[in-house]
Amino acid sequence: MMLSLCEDITQRSRQRLGMGRPSLYTPELIEAIAERLSKGEPMAAICRDEGMPAYRTVKDWMDTSPDVSALIARAREEGFDAIAAGTLEIADDGRNDYMEQSDDEGGIAFKLNGEHIQRSKLRIETRLKLLAKWDPKRYGDRMTLAGDADNPVMGMTEAQVDARLAVLQAKLLADKPDA
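Residues numbered from 1 in each chain as written. Predicted model: local features only at pLDDT ≥ 70, side-chain atom pairs only at ≥ 80, totals over all residues. Heavy atoms only, no water.

Draft legend 1. Main features of the overall build of the protein. Broken down by element type, the protein carries eight helices and two strands. Burial status across the protein gives 24% buried among its 179 residues. In the protein, the proportion of contacts linking residues at least 24 apart, taken out of those at least 6 apart, comes to 48%. Element-wise, carbon and sulfur atoms account for 54% of the exposed surface of the protein, whose accessible area totals about 13,500 Å². (Helix = DSSP H or I, 4+ residues; strand = E, 2+ residues; numbered from the N terminus. Buried < 20%, exposed > 50% of the residue type's maximum accessible area, 1.4 Å probe, protein only. Contact = heavy atoms within 4.5 Å. Areas by Shrake-Rupley, 256 points an atom, 1.4 Å probe, with all protein chains shown as cover.)

Structural data, given as structure tokens:
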């Protein structure tokens, strides 16, 4: 089954792209790519390595095979979770938050290492922004439009809007001191 899938993808790629160099596609190669993706490594970085196909080639494989596409999608989701877990590790790692410094009396004092803390913060924020872009449903800011009991958000007819305005105008006039 897997060999015929490999041959099928290779044949479709050649038909679409014209006869070029042979495809590198093997089930083992796709598994290796998926394994690295699942650890949070970006596809572009994987494809830059020697022995790996070009990014466009992997995209073509995904376009021609739903199985490859599903495997890559699952691996990416796992990779996003790995990146999110990595942000917790960065945040929890306080090893270099303070640095030793000699004081005036020849003793050792600890000084806050603001540069390291800012760098850690940047690393976390960068990862979180990428996660929100790559997987907005799971990692994006949730935007909920909701009202409270006094000001519900809902569609109103014109008559309802007029009635609401009348109530608000009456409240406004009642709260206004006599001048």
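Draft legend 2. Summary view of the nonpolar core. Core analysis: the largest hydrophobic core is formed by 17 residues, its most contacted members being Ile33, Leu37, Met43, Val58, Trp61, Val68 and Ile72. For this core, the secondary structure elements donating two or more residues are α2 (27-38), α3 (43-48), α4 (55-64) and α5 (66-92). When residues no more than four places from it in sequence are discounted, the contact partners of Met43 are Ile33, Leu37, Tyr55, Val58, Ile72 and Arg76. (Core = buried A, V, L, I, M, F, W, Y, C linked by side-chain atoms within 4.5 Å.)

Draft legend 3. Spatial organisation of the packing of aromatic side chains. The full count for this structure, using the stated rule, is two aromatic pairs. For the pair Phe80 and Trp134, a centre-to-centre distance of 5.7 Å together with 20 degrees between the ring planes defines the contact as stacked. With Phe80 in helix α5 and Trp134 in helix α6 (residues 114-134), this pair connects stretches of sequence that are 54 residues apart. (Phe/Tyr/Trp six-rings, centres within 6.5 Å; stacked < 30°, edge-to-face > 60°.)

Draft legend 4. Up close: the pairing of strand β2 (residues 108-112). As paired strands, strand β1 (residues 98-102) and β2 are joined by five bridges and run antiparallel to one another. Paired with Tyr98 across the two strands is Leu112, which belongs to β2. Two successive antiparallel strands, β1 and β2, enclose a turn made up of five residues, where Gly106 displays a positive phi of approximately 85 degrees. (Pairing = 2+ DSSP bridges.)

Draft legend 5. Looking closely at the packing of α5 against α6. Following both chains from N to C, one finds α5 and α6 inclined at 160 degrees, their axes separated by 10 Å at the closest point. When the axes of α5 and α6 are compared, the pair comes out roughly antiparallel. The handedness of the crossing between α5 and α6 is left-handed. Within the contact between the two elements, α5 uses Phe80, Ile83, Ala84, Thr87, Ile90 and Ala91 and α6 uses Ser120, Arg123, Ile124, Arg127, Leu128, Leu131 and Trp134. Taken together, the residues that form the contact of α5 with α6 break down as nine nonpolar, two polar and two charged. (Axes fitted to C-alpha atoms, helices over the stretch in contact; angles between N-to-C directions. Parallel < 35°, antiparallel > 145°, perpendicular 65-115°, else oblique. Left-handed = near helix turned anticlockwise from the far one by under 90°. Nonpolar A, V, L, I, M, F, W, Y, C, P; charged D, E, K, R; others polar.)

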